[in-house]
Amino acid sequence: MSQLTKRAIKESFLKLLKEMPFDKITVKEIVEDCGINRNTFYYHYADIYDLLREIFEEKAEQVMRLDSGFDSWQEQFLNSTLYVLENRKSIYHIYNSMDRRQLENYLFNVAGKIMTEYVKKEARGMEVSEDDKAIIIEFYKCALAGNVLQWLDGGMKQDPEEFITRMAVLQEGAIQNMLKTAERKKES
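Report on the accompanying structure. (Residues numbered from 1 in each chain as written. Predicted model: local features only at pLDDT ≥ 70, side-chain atom pairs only at ≥ 80, totals over all residues. Heavy atoms only, no water.)

### Digging into the environment of glutamine 171
As for its position among the elements, glutamine 171 is in the loop between α9 (160–170) and α10 (174–187). C-alpha of glutamine 171 to C-alpha of glutamate 130: the two residues are 41 residues apart in sequence and 22 Å apart in space. Setting aside residues no more than four positions away along its own chain, glutamine 171 makes contact with Trp73, Gln74 and Tyr140. Looking at glutamine 171, its side chain comes within polar contact range of the side chain of tyrosine 140, at 3.5 Å. (Helix = DSSP H or I, 4+ residues; strand = E, 2+ residues; numbered from the N terminus. Contact = heavy atoms within 4.5 Å. Polar contact = N/O pair within 3.5 Å; in protein donor to acceptor, adjacent residues only side chain to side chain.)

What follows is the structure in structure tokens.
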């Protein structure tokens, strides 16, 4: 029953998020929409931010489960960007609210997981320190998430597949070169 209640709360919240900005949604509106009382909401969530955090964490996990079969960071990142497009109105309601930290955390989390998986795969068989891998991962995590935030800021006008493909072409081999440089540095 508890999972059904949480699902109802999430569905009501997401429904409201399509209709109004995040910072205008209240617990009262959520509980009225899903037919529970306030105490039930607070039994499951500390506040609306806690609810939003859980939703983003679940979405990030879903994206990573789906992405495990992809060969490149581009495919993984495009897949996660498509989620943003499919939920454009809701994402904008969060993005344009007073507190966009949850959305930014989601983007950085997904970008970090994608780059961690990709860099570790590319570094197999190489003598690269964990510290150097972490620097490469952090660099590309920030680049990817930052580009999505810029894309959101610009109104999501550019086709994400076109942009991500172009970015991949321009940086082709860069991660491998960074890993080779790190490996040479370690040898000397």
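### Some thoughts on the side chain of lysine 133
Inspection of the secondary structure puts lysine 133 in helix α8 (residues 130–153). Given the relative accessible area of 13%, lysine 133 is considered buried. (Buried < 20%, exposed > 50% of the residue type's maximum accessible area, 1.4 Å probe, protein only.)

### Side note on the pattern of salt bridges
Using the criterion set out here, one finds nine salt bridges in the structure. Across the pair glutamate 54 and lysine 6 runs a salt bridge whose closest N-O atoms are separated by 3.2 Å. Of the two residues, glutamate 54 is situated in helix α4 (residues 48–67) and lysine 6 in helix α1 (residues 2–19); the sequence distance between them amounts to 48 residues. We note that glutamate 54, like lysine 6, is buried. For the salt bridge of aspartate 132 with lysine 185, the shortest nitrogen-to-oxygen distance reads 3.1 Å. Of this pair, aspartate 132 sits in helix α8 while lysine 185 sits in helix α10, placing them 53 residues apart in sequence. (Salt bridge = Lys/Arg side-chain N within 4 Å of Asp/Glu carboxyl O.)

### Remarks on the packing of helix α5 (residues 73–86) against α9
Direction vectors running N to C along α5 and α9 enclose 155°, while the axes themselves pass 10 Å from each other. Classified by the interaxial angle, the pair formed by α5 and α9 is roughly antiparallel. Seen along the crossing, α5 lies across α9 with a hand that is right-handed. Each of Trp73, Gln74, Phe77, Leu78, Thr81 and Leu85 in α5 lies in contact with α9, whose residues at this interface are Pro160, Glu161, Ile164, Met167 and Ala168. Of the residues contributing to the contact of α5 with α9, the split by class is eight nonpolar, two polar and one charged. (Axes fitted to C-alpha atoms, helices over the stretch in contact; angles between N-to-C directions. Parallel < 35°, antiparallel > 145°, perpendicular 65-115°, else oblique. Left-handed = near helix turned anticlockwise from the far one by under 90°. Nonpolar A, V, L, I, M, F, W, Y, C, P; charged D, E, K, R; others polar.)

### Some words on α5
Taking 1.5 Å per residue as the helical rise, α5 with its 14 residues ought to reach 20 Å, and the 20 Å between its terminal C-alpha atoms agrees with that figure. Among the residues making up α5, those that are buried are Trp73, Gln74, Gln76, Phe77, Leu78, Ser80, Thr81, Tyr83 and Val84. (Expected span 1.5 Å × (residues − 1).)

### Regarding the packing of α1 against helix α2 (residues 27–34)
Relative to each other, α1 and α2 sit at 115°, their axes nearing to 9 Å. The chirality of how α1 crosses α2 is right-handed. Facing Ala8, Ile9, Ser12, Phe13, Lys15 and Leu16 of α1, the residues of α2 in contact are Glu29, Ile30, Asp33 and Cys34. Of the residues contributing to the contact of α1 with α2, the split by class is six nonpolar, one polar and three charged.

### Looking at the packing of aromatic side chains
For the coordinates displayed, the defined rule picks out six aromatic pairs. Aromatic pair phenylalanine 13 and phenylalanine 22: ring centres 6.1 Å apart, planes at 90°, arrangement edge-to-face. Phenylalanine 22 carries the same exposure label as phenylalanine 13, and that label is buried. Note on phenylalanine 41 and tyrosine 45: the rings are 5.8 Å apart at their centroids and 45° apart in plane angle, and the pair reads as tilted. Here phenylalanine 41 falls in the buried class, since its relative accessible area comes to 0%. Each residue in the set Phe13, Phe22 and Tyr49 is aromatic and connected to the rest through ring pairs, giving one cluster. (Phe/Tyr/Trp six-rings, centres within 6.5 Å; stacked < 30°, edge-to-face > 60°.)

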